[in-house]
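# A look at the structure
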Amino acid sequence: MLLTNADVRKVASLARLAMSEAEIETARLQLSGIFALIAKMQAVDTQGIEPMSHAQDMAQRLREDVVTETNQRELFQAIAPQVEAGLYLVPQVIE
Amino acid sequence: MLESSLQQLGSALRARQISSVELTQLYLDRIASLNPKLNAYITVQPEVSLALAREADARLAAGNADTLTGIPIAQKDIFCAKGWLTTCGSKMLHNFVSPYDAHVIEQFNRAGAVNLGKTNMDEFAMGSSNETSYFGTVKNPWDTTRVPGGSSGGTAAAVAARLCAAATGTDTGGSIRQPAALCGISGLKPTYGVCSRYGIIAFASSLDQAGPMGRSAEDLALMLNAMAGFDERDSTSLQRDKEDYARDLNKPLDGLRIGLPKEFFAEGLGSDVAQAVEAAIAEYKKLGATVVEISLPNSRLSVPVYYVLAPAEASSNLSRFDGVRYGYRAPEYGDLADMYEKSRAQGFGAEVKRRIMIGTYVLSHGYYDAYYLQAQKIRRLIAQDFTEAFRQCDVIMGPTSPSTAFKLGEKGDDPVQMYLSDIYTIAVNLAGLPGMSIPCGFGENNMPVGLQIIGNYFDEARMLGVAHQYQLATDWHSRAPQGL
């Protein structure tokens, strides 16, 4: 499969990773090598095979819909990059 | 003391022949003198460890000690431990002091073990050489110009250099077994779901599993007894009765059927590794085992399948690192999207970004069926190969890694070459089976070789017994690197 710089740029944007043009070029070359390795999968006939999403065949456990966590806002916000009045600060989103 | 087993250390502590404070100080002194050379630890907090040792001594004096009470254990820096810097080897978490304990850490605390420090690792556990760590590469104690393997490379080096009594690792595609092999120690990845993933910084959730690393199979059994257990906070934690993983250590091997996958002894395997593994199989025959050739025909696809599934899960798991609630935030940015993009670009290293990109791509619109779904289908074929194989044998053996420890920087610029170093370990994670590595000799340049033992689901106790019987008959596991 041939990746273009435009493909890489799009993926970087979806992944929220800022990349310079030089980095995009390097990434394209390395990702192309990795996708050549991955391409070996395509020749396998998997018709009728059930996808395996998990190592154990298990059902999701359910629990009562009750509060289990205590409020630890101060503890958790002590390690945040920027907080004010108990809120996480980010650049303004709405004008 | 440094060569004592966990059982012996526990006995000495309970008999008050040594105190936990003395034992902890012994290791802290060794870390202070040898860590600058090996870089096995990212964080040590001597005062915190010694305080834990004093608590353990009080418990020992009161006579209510557990097997591991007072024993200094190192923790891979992927386990959140309250009050400890928990970096996962990344700049993204360079300042993250965890506000809570992982379930595994809680279990060690309950047992009264002393947290000796946090060990170095590949960034977010993505790597096979420990060279992707933001905190610098770890050196292999057998030859400091070589890699220790990864991602649990700091743990492997710390155990090999006697910088802890035992330690923890995690294994998503071989991250316990491969470094154990390259550093000449023992390591076990349990069946998926045996140890809780709660508080382990997530890489690929359907594959991640914690396990013990130590100097012998016997030590691993005692460690796993402490680590395993149901935890409702991990949605895939298994509800099973508590078991004693040491129960089969002394079981003779008469009649044991060992399966040798022909695919593991084919092209690509180093002749020095093959020789050591074959000698180990010969030793097992002497101990009463029989050998049967088996086939894992789809195992050759495990690397491509893994490099779709693991990055896909990683790209989702690592989306939480956005510079808002914890971790790194870029110093300068414009709007919100710019803040995300710059924080992530600056906070993640090259390999992590590469995997996020692969994962984002294979999950993106139009490619899902061709990559993700196809990989999940082949994952089932790989798992079915093992089911078939275990009809003919009790355990599967082969090499852990195709070569011994390579030179630092040797595979630096070629991700594909690095990925292929996990060719024998990855299938085990995809199937969710338990796998371990034990030392079985030395190869080129006198570097350690690991024997991989793969068991059926929940067969850890048997595997540990199989490994222990070999370690009673041989002394590879007790060899230590000299001249550090």
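Read on for a plain summary of the structure. (Residues numbered from 1 in each chain as written. Chains lettered and ligands numbered in written order. Predicted model: local features only at pLDDT ≥ 70, side-chain atom pairs only at ≥ 80, totals over all residues.)

### A closer look at the overall build of chain A
How we decide: Comment: elements are numbered from the N terminus, with helices defined as DSSP H or I runs of at least four residues and strands as E runs of at least two. Each radius of gyration reported is based on C-alpha atoms, and the globular scaling rule is 2.2 Å times the count of residues to the power 0.38.
Counting secondary structure elements, chain A contains 3 helices and 2 strands. Element order for chain A, N to C, with α for helix and β for strand: α-α-α-β-β. Its C-alpha radius of gyration of 23 Å places chain A more than 25% over the 12 Å reference for a compact globule of 95 residues. Considering only C-alpha atoms, chain A reaches an extent of 55 × 45 × 25 Å along its principal axes.

### What about helix α5 (residues 153–160) of chain B?
Residues and elements named next belong to chain B. Stated precisely, the cut-off is as follows: Three exposure classes are used, all based on how many other C-beta atoms lie within 10 Å of a residue's own C-beta (placed from the backbone): buried at 20 or more, exposed at 12 or fewer, and partly exposed between those limits.
For α5, a buried count of 8 out of 8 residues is recorded, marking the element as mostly surrounded by other parts of the structure. By the burial criterion, the buried members of α5 are Gly-153, Gly-154, Thr-155, Ala-156, Ala-157, Ala-158, Val-159 and Ala-160. Backbone geometry just after α5 places Arg-162 at a positive phi near 60 degrees.

### A closer look at unusual backbone geometry
Among all residues except glycine, the phi angle is most often negative; among peptide bonds, the trans geometry is most common. Residue and element names in this part refer to chain B. Put simply, Gly-150 and Ser-151 share a cis peptide bond, and its omega is 10 degrees. If you check the backbone angles, Asn-39 has positive phi at about 60 degrees while not being a glycine. Topologically, Asn-39 is positioned in the loop between α2 (20–38) and β1 (41–43). The exposure class assigned to Asn-39 is buried, which follows from the 22 C-beta atoms found within 10 Å. A positive phi angle, near 65 degrees, is found at Asn-130, a position not held by glycine. Along the chain, Asn-130 turns up in the loop between β3 (114–119) and α5. When the 35 C-beta atoms within 10 Å are taken as the criterion, Asn-130 is described as buried.

### Here we look at the sheet that holds strand β5 (residues 186–189) of chain B
Residues and elements named next belong to chain B. Put simply, the rule is: If DSSP finds at least two bridges between two strands, the strands pair. Axis lines are fitted through C-alpha atoms, for helices just across the contact stretch, and the angle between N-to-C directions can take any value from 0 to 180 degrees. By definition, residues are in contact whenever their C-beta atoms, placed on the basis of the backbone, come within 7 Å of each other.
Strand order in the open sheet made by the 11 strands is β1-β3-β2-β4-β6-β5-β10-β11-β9-β7-β8, with mixed pairing throughout. Edge strands, defined here as strands with exactly one partner in the open sheet, are β1 and β8 (290–294). This sheet shows a mean twist of 30 degrees between the axes of neighbouring strands, independent of strand direction. Here strand β2 (residues 72–76) pairs with β3 via 5 bridges, running parallel. Opposite Ala-74, over in β3, you have Gly-117 as the bridge partner. Its contacts with the sheet place α5 against β1, β2, β3, β4 (166–170) and β6 (210–214), and it is angled at close to 160 degrees to β4.

### Here's the deal with the environment of Asp-254 of chain B
Residues and elements named next belong to chain B. Mapping Asp-254 onto the fold places it in the loop between α7 (217–227) and β7 (257–261). By the C-beta count within 10 Å, which is 9 here, Asp-254 ends up exposed. Sequence separation between Asp-254 and Gln-376 is 122 residues, and the spatial gap between their C-alpha atoms is 38 Å.

### A short note on the packing of helix α2 (residues 21–38) of chain A against helix α11 (residues 350–363) of chain B
To be explicit about the condition: Definitions for this section: a left-handed crossing has its near helix turned counterclockwise from the far helix by less than a right angle. A right-handed crossing has that turn clockwise. Each residue is assigned to one of three groups, with Ala, Val, Leu, Ile, Met, Phe, Trp, Tyr, Cys and Pro labelled nonpolar, Asp, Glu, Lys and Arg labelled charged, and all others, Gly among them, labelled polar.
Their axes nearest at 11 Å, the elements α2 of chain A and α11 of chain B cross at an angle of 60 degrees. Note that α2 of chain A runs across α11 of chain B; the crossing there is right-handed. When α2 of chain A is examined against α11 of chain B, the residues Ala-27, Gln-30, Leu-31 and Ile-34 of chain A are found in contact with a partner set consisting of Arg-354, Met-357 and Ile-358 of chain B. Among the residues forming the contact of α2 of chain A with α11 of chain B, the class breakdown is 5 nonpolar, 1 polar and 1 charged.

### A word on the environment of Gln-178 of chain B
You can see Gln-178 of chain B is positioned in helix α6 (residues 177–183). Residues Gln-178 of chain B and Ser-152 of chain B lie 26 residues apart in sequence; the distance between their C-alpha atoms is 8.6 Å.

### What about helix α3 (residues 46–62) of chain B?
The α-helix winds at 3.6 residues per turn, so residues separated by three or four positions along the chain end up facing the same way. Residues and elements named next belong to chain B. Defined as follows: Each residue after the first adds 1.5 Å to the expected span of a helix. Think of it as the arc spanned by the lines of direction from the helix axis to the C-beta atoms.
Between its first and last C-alpha atoms α3 spans 24 Å; for 17 residues at 1.5 Å apiece the expected length is 24 Å, and the two agree. Within α3, burial applies to Ser-49, Leu-52, Ala-53, Ala-56, Asp-57 and Leu-60. The buried residues of α3 occupy one face: seen down the axis, they fall within an arc of 150 degrees. What points out from α3, more than 90 degrees from its buried face, is the exposed set Glu-47, Ala-58, Ala-61 and Ala-62. Where α3 is buried, its residues contact α1 (6–14), α2, β2 and β3.

### Overview of the nonpolar core
Residue and element names in this part refer to chain B. We count it as follows: Linking buried Ala, Val, Leu, Ile, Met, Phe, Trp, Tyr and Cys residues through C-beta atoms within 7 Å yields a set, and such a set is a nonpolar core.
The biggest cluster of nonpolar side chains holds 171 residues, and the ones touching the most others in it are Ile-73, Ala-158, Cys-164, Val-305, Val-308 and Ile-453. With 9 residues, the top contributor of residues to this core is helix α9 (residues 302–317). Sequence-distant contacts of Ile-73, defined by excluding residues within four places in its chain, comprise Phe-108, Ala-113, Val-114, Asn-115, Leu-116, Cys-164, Ala-165, Ala-166 and Ala-167.

### Thoughts on the interface of chain A and chain B
On the side of chain B, 52 residues touch chain A, which itself brings 39 residues to the contact. Elements represented by at least two residues in the side of chain A that touches chain B include exactly α1 (5–14), α2 and α3 (73–77) of chain A. When residues of the side of chain A that touches chain B are assigned to their parent elements, the largest contribution, 7 residues, is made by α2 of chain A. Per-class residue counts for the side of chain A that touches chain B are 27 nonpolar, 8 polar and 4 charged.

### Things to note about the pairing of β2 of chain B
Residue and element names in this part refer to chain B. Worth spelling out the cut-off: Looking down the strands as they point away from the viewer, one classifies a crossover as right-handed if the path from the first strand across the helix to the second runs clockwise.
For β2, the tally of buried residues reaches 5 of 5 residues, placing the bulk of the element in the interior. Neither face of β2 is open: one carries Pro-72, Ala-74 and Lys-76, the other Ile-73 and Gln-75, and all of them are buried. Where the polypeptide runs from β2 across helix α4 (residues 103–111) and back to β3, its parallel neighbour, the crossover connection is right-handed. Judged from the 2 bridges that link them, β2 and β4 form a sheet pairing that is parallel. Bridged to Ala-74 within β4 is Ala-167.

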